[in-house]
Amino acid sequence: MMRAPLEVADVFRDGEARFLAEYGHTLSREQRQVLRAVIRCRTAQLGGHVQKCDDCGHQRIQYNSCRNRHCPKCQAMARAVWLEKRESELLPIPYFHVVFTLPHELGPLALQNKRVVYGILFRAAAQTLLEIAADPKHLGAKIGCLIVLHSWGQNLMHHPHVHAIVTGGGLSADGSRWIHGKQSKRRKPFFAPGKVLSRVFRGKFIDSLKRAFRSG
Ligand SMILES: [Zn+2]
Ligand SMILES: [Zn+2]
C-alpha cells in the first residue's frame, strides 16, 4: 500500500502544541492565523460539500480549502494558474534570468520593515534593468521584465531576493523596431555583465534605503 506523502499540515499538526508552548509569544496574529489555516485546510473542520456522480451515484466529500496565501495546498493550484497566465504572455524571443540579493546584514531590517524594504528592492532591481538596457553602451532599448520576490532561501532561512525574468532584447526608443540582445560567452542572452548590474543595483538600493531612513 502506498503511504500518503507527508504534508506541511502534518508537520504543523504534529508540532503545534510544542511549538506554541515555546514560541507562541513571538508570533503575530497573522502568523497564528497561518498556522491554524494550514492545519485545517481541506479537513472536516472547515466544512465541505458532498459531490455525487449523476450516473453511478458514487459520492465523495470535498472539504473546503483555507485560501490562505501561505498555505502550500492552496498555493499549488494558484501557482499553476499563475504560471499558465504568465506563459501566455511570453513573446517568441529568448529571455534571461537575473537574481538581485540583499546582504544578510540587512535581513533583520527587511523583516521589521517589509513593506518599505521590499518596495525598495523591487524598484531598485527594475530601475537597474531598465536603465542599463536603455543605455546605448549596452543595449539601447526598452526591455520588459517580470520580477518576483522570494523572502526565503531554499534552506527556509530568511533571505530576501528577487528573481527577474528579462527579455533578451527590446524595443527601440521610438518603438518602431526590435533590438536583439547580445549573447554571453555561454550563448545565453544578456545585455550587460553581472558586475555592472550589481554595481548599479547596490547604488540605487543604498540610496533609497538612506532616503527612507531619513524620512522615517
Ligand atoms: Zn489551504
Ligand atoms: Zn529565489
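Structure's up top.
A. Spatial organisation of the coordination of the zinc ion (ligand 2). Donor atoms from the polypeptide that bind the zinc ion (ligand 2) are His150 (ND1), His161 (NE2) and His163 (NE2), placed at 2.0 to 2.1 Å. Accessibility expressed as a relative area gives 7% for His161, which makes it buried.

B. A look at the coordination of the zinc ion (ligand 1). Those protein atoms acting as donors to the zinc ion (ligand 1) are Cys41 (SG), Cys66 (SG), Cys71 (SG) and Cys74 (SG), and they sit at 2.3 to 2.4 Å. For the zinc ion (ligand 1), the four donor atoms in the first shell make angles of 103 to 114° at the metal, a pattern classed as tetrahedral. Read in sequence order, the donor residues for the zinc ion (ligand 1) give the motif C-x24-C-x4-C-x2-C. Like Cys66, the residue Cys74 is buried in the burial classification.

C. Main features of the packing of helix α5 (residues 114–134) against helix α6 (residues 194–214). Relative orientation of the contacting elements α5 and α6 amounts to 140°, with a least axis distance of 9 Å. By the angle class used here, α5 and α6 are oblique. Judged by the sense of rotation from one axis to the other, the crossing of α5 with α6 is right-handed. When α5 is examined against α6, the residues Val116, Val117, Ile120, Leu121, Ala124, Ala125, Gln127, Thr128, Leu129, Glu131 and Ile132 are found in contact with a partner set consisting of Val196, Leu197, Val200, Phe201, Lys204, Phe205, Ser208, Leu209 and Ala212. When grouped by side-chain class, the residues that make up the contact of α5 with α6 number 15 nonpolar, three polar and two charged.

D. Region of interest: the environment of Leu111. Within the secondary structure, Leu111 is located in helix α4 (residues 107–112). Assessed through its relative accessible area of 37%, Leu111 is described here as partly exposed. Placed 30 residues apart in sequence, Leu111 and Ala141 show a C-alpha to C-alpha distance of 35 Å.

E. Main features of a nonpolar patch on the surface. A cluster of nonpolar side chains, namely Trp82, Leu83, Leu146 and Ile165, defines an oily patch on the protein surface of about 330 Å² accessible area. When you line up the elements, Leu146 lands in strand β4 (residues 145–152). Using a relative accessible area of 34% as the deciding quantity, one classes Leu146 as partly exposed.

Analysis parameters
- Counting restarts for each chain: residues are numbered from 1 in the order of the written sequence.
- Here chains are named by letter from A upward and ligands by number from 1 upward, in the order in which they appear as written.
- Only residues with pLDDT of at least 70 get local features here, since the model is predicted, and only at 80 or more are side-chain atom pairs given and counted; chain-wide, interface and lining totals rely on the full set of residues.
- Side-chain metrics rest on all non-hydrogen atoms present in the structure, leaving aside hydrogens and water.
- Atoms of type N, O and S within 2.8 Å of a metal are treated as its donors, and for Na, K and Ca the window is 3.2 Å; water is not considered, so some sites may appear to be missing partners.
- For each residue, the accessible area found with a 1.4 Å probe, counting protein chains only, is set against the maximum for its type, and the residue is called buried under 20%, exposed over 50%, and partly exposed in between.
- Between 85 and 135 degrees for all angles marks four donors as tetrahedral; over 155 degrees for opposite donors together with 65 to 115 for all other angles marks four donors as square planar and six as octahedral; every other arrangement is irregular.
- Axis lines are fitted through C-alpha atoms, for helices just across the contact stretch, and the angle between N-to-C directions can take any value from 0 to 180 degrees.
- Comment: elements are numbered from the N terminus, with helices defined as DSSP H or I runs of at least four residues and strands as E runs of at least two.
- Oblique is the label for every angle not falling under 35 degrees (roughly parallel), over 145 degrees (roughly antiparallel), or within 65 to 115 degrees (roughly perpendicular).
- Helix crossings fall into two classes, left-handed where the near helix is turned counterclockwise from the far one by less than a right angle and right-handed where it is turned clockwise.
- We call two residues contacting when some pair of their heavy atoms lies within 4.5 Å.
- Three residue categories are used. Nonpolar comprises Ala, Val, Leu, Ile, Met, Phe, Trp, Tyr, Cys and Pro, charged comprises Asp, Glu, Lys and Arg, and polar comprises the others, including Gly.
- Patch members must show over 30% relative accessible area and no salt bridge, and they are joined within 9 Å when carrying like charges or within 5 Å when they are nonpolar side chains of Val, Leu, Ile, Met, Phe, Trp or Tyr.
- Accessibility throughout is a Shrake-Rupley quantity obtained with a 1.4 Å probe, and a residue counts as covered only by protein chains that appear here.
- Take a side-chain nitrogen of Lys or Arg and a carboxyl oxygen of Asp or Glu: if they are within 4 Å of each other, that pair is a salt bridge.

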